[in-house]
Amino acid sequence: MNAIDCIMTRRSVRKFKPTMPTDEEIKTVIEAGRYAPSGMSRQTWHFVVVRNQDWLARMNERVFSLVNDTSKGSNLERNGAKGYSCNYHSPVFIIVSANPAFGTSRDDCACALENMFLTAHAIGLGSCWINQLGGENCEKLRDLLTEAGVPEGDEVYGCCALGYADGEPSPRKERSDSVIYFD
Ligand SMILES: Cc1cc2nc3c(=O)[nH]c(=O)nc-3n(C[C@H](O)[C@H](O)[C@H](O)COP(=O)(O)O)c2cc1C
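Parameters at a glance
Residues numbered from 1 in each chain as written. Predicted model: local features only at pLDDT ≥ 70, side-chain atom pairs only at ≥ 80, totals over all residues. Near = placed C-beta within 6 Å. Nonpolar A, V, L, I, M, F, W, Y, C, P; charged D, E, K, R; others polar. Axes fitted to C-alpha atoms, helices over the stretch in contact; angles between N-to-C directions. Helix = DSSP H or I, 4+ residues; strand = E, 2+ residues; numbered from the N terminus. Left-handed = near helix turned anticlockwise from the far one by under 90°. Contact = placed C-beta atoms within 7 Å. Pairing = 2+ DSSP bridges.

The environment of the ligand is formed by Arg11, Ser12, Arg14, Cys128, Trp129, Ile130, Asn131, Gln132 and Arg172. Here the shell around the ligand is built from residues that sort into three nonpolar, three polar and three charged.

So this is what it looks like as structure tokens:
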């Protein structure tokens with residue numbers, strides 16, 4: 001798949017098959033993250049690859065108790081009968097974190113995540129940005145993050161739900177009129 005086609009056809013996936021992607025596929029996605037641009041090439045990021053389903057269940061219980069009623073509703077709808085899972089029951093969940101002391105940590109992680117989403121799509125996997133472990137939830141979930149291996153002092157800037165897509169995504173939203181040309 002060429003790069004432009006990959007960008008144009010990638011979608012956020014919110015329904016996954018339980019099948020675990022291969023080690024090689026997961027490594028390909030992580031490598032794409034590691035090869036993203038970063039401020040002064042400091043590569044401030046850390047990638048924690050979670051395949052431990054017991055941890056994911058405990059994390060989701062905690063996240064469910066933290067998210068507000070509105071997001072609970074929409075997340076529940078998205079999950080349907082399977083019950084709440086902020087990562088939509090993806091078999092793989094990759095936490096991308098960095099130390100906020102670096103001025104570009106958040107940007108570095110965002111670049112890494114987009115590389116990961118595009119690469120996942122290119123190799124036939126589905127993915128979605130998951131935000132529920134970031135912001136103020138990060139501190140509240142610190143014990144779980146430490147257990148999974150997220151370095152102390154790091155903030156979670158985004159996570160990647162990863163797996164084989166189950167079905168086709170809904171039609172894409174129209175692009176907003178956001179381009180200004182100044183010739
Ligand atoms: C910063 C950021 C945070 C996001 N957080 C979530 C999230 O927590 N859960 C979710 O299902 N999707 C999340 N998304 C995915 C967006 O909803 C999705 O990219 C958008 O609806 C456009 O759809 P597309 O990715 O299929 O083009 C996030 C995307 C970004 C860039």
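Let's shift gears to the packing of helix H2 (residues 23-34) against helix H5 (residues 105-122). H5 packs onto H2 with a crossing angle of 145 degrees between their chain directions and a minimal axis gap of 7 Å. As H2 runs across H5, the sense of the crossing is right-handed. Here H2 contributes Thr28, Val29, Ala32 and Gly33 to the contact with H5, which in turn contributes Ala112, Leu113, Asn115, Met116, Thr119 and Ala120. A per-class count over the contact of H2 with H5 returns six nonpolar, four polar and no charged.

So, about the sheet that holds strand S1 (residues 45-50). With antiparallel pairing, four strands are arranged side by side in an open sheet as S1-S2-S4-S3. The outermost strands of the open sheet, each flanked by one partner alone, are S1 and strand S3 (126-130). On average, each strand axis in the sheet is inclined to that of its neighbour by 20 degrees, with strand direction left out of account. Across seven bridges, strand S2 (residues 92-98) lies against strand S4 (residues 155-163) in antiparallel orientation. For valine 96, the partnering residue across the bridge sits in S4 and is glycine 158.

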